[in-house]
Amino acid sequence: QLQLVESGGGLVQPGGSLRLSCAASGGSLIYYAVGWFRQAPGKEREGVSCSGIGGRSTNYADSVKGRFTISRDSAKNTVYLQMNSLKPEDTAIYYCATVAACYNHYDEADFGSWGQGTQVTVSS
């Protein structure tokens, strides 16, 4: 089925920017809602942003509104997460996943394919 690979993570100073990519193979992302999730040390997994089926809608966690932007490039079958004004509390492993729809809360049954994750570290 669908395979997802995240990339673009790294070490960045507070206030810096990073763009994460979620590249899909084995199918077209246009048929899926795609979410970005993160898990920080000692924290539960958190939904960061979501792009609805066909990219018709987006949502963001309150903690990243105004700083992060989710987008799609259908030609590259890739979903991006542009992260600006990064804060140390953004440090986490970031994952993308196909989801049934963009919800406020996700159950395990809502998830389809997961990527392997990419580490984002925001530190001076």
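This text goes with the structure placed above it.
Residues numbered from 1 in each chain as written. Predicted model: local features only at pLDDT ≥ 70, side-chain atom pairs only at ≥ 80, totals over all residues. Heavy atoms only, no water.

Enquirer: Give me the overall build of the chain: which residues, what numbers.
Expert: When helices and strands are tallied, the chain shows zero helices and eleven strands. Helices (α) and strands (β) of the chain occur, in sequence order from the N terminus, as β-β-β-β-β-β-β-β-β-β-β. Taking all contacts inside the chain whose residues are at least 6 apart in sequence as the whole, residues at least 24 apart take part in 57%. Total accessible area on the chain is roughly 6,400 Å²; 47% of this is exposed by carbon and sulfur atoms. Taken together, the 10 basic and 10 acidic charged side chains of the chain have centroids lying 7 Å from each other. (Helix = DSSP H or I, 4+ residues; strand = E, 2+ residues; numbered from the N terminus. Contact = heavy atoms within 4.5 Å. Areas by Shrake-Rupley, 256 points an atom, 1.4 Å probe, with all protein chains shown as cover. Lys, Arg positive; Asp, Glu negative; His and termini not counted. Charge placed at Lys NZ, Arg CZ, Asp CG, Glu CD.)

Enquirer: Please set out the sheet that holds strand E3 (residues 18-25) residue by residue, giving values where relevant.
Expert: Here we have four strands laid out as an open sheet, ordered E1-E3-E8-E7, and antiparallel in their pairing. Edge positions in the sheet fall to strand E1 (3-7) and strand E7 (68-73), since each has one partner strand and no second. Ignoring strand direction, the axes of neighbouring strands in this sheet form an average angle of 15°. Both E7 and strand E8 (residues 78-83) contribute to a ladder of six bridges, which runs antiparallel. By the bridge assignment for E8, Ser71 is matched with Tyr80. (Pairing = 2+ DSSP bridges. Axes fitted to C-alpha atoms, helices over the stretch in contact; angles between N-to-C directions.)

Enquirer: Run through the pattern of salt bridges, naming residues and quoting values.
Expert: Per the counting criterion, the structure on display carries five salt bridges. The shortest N-O distance in the salt bridge between Arg38 and Asp90 comes to 2.9 Å. Pair noted here: Arg38 is in strand E4 (residues 33-39) and Asp90 is in the loop between E8 and strand E9 (92-99), with a separation of 52 residues, a long-range link. On the basis of relative accessible area, Arg38 is assigned to the buried category, the value being 6%. You can call Asp90 buried: its relative accessible area is 0%. Across the pair Lys65 and Asp62 runs a salt bridge whose closest N-O atoms are separated by 3.0 Å. Bridged by salt links that share partners, the residues Arg38, Glu46, Arg67 and Asp90 form one connected network. (Salt bridge = Lys/Arg side-chain N within 4 Å of Asp/Glu carboxyl O. Buried < 20%, exposed > 50% of the residue type's maximum accessible area, 1.4 Å probe, protein only.)

Enquirer: An account of the nonpolar core is needed here, citing residue identities and associated values.
Expert: Membership of the largest hydrophobic core comes to 25 residues, with the highest contact counts inside it found for Trp36, Phe68, Leu81, Met83 and Tyr94. Mapped by element, the contributors of at least two residues to this core are E3, E4, E7, E8, E9 and strand E11 (118-122). A total of four residues in this core trace back to one element, the largest contributor, which is E3. Contacts of Tyr94, omitting those with residues within four sequence positions, involve Glu6, Leu20, Trp36, Phe37, Arg38, Val48, Phe68, Leu81, Met83, Gly117, Thr118 and Val120. Core analysis: the second largest hydrophobic core is formed by seven residues, Ala33, Phe37, Tyr106 and Phe111 among them. (Core = buried A, V, L, I, M, F, W, Y, C linked by side-chain atoms within 4.5 Å.)

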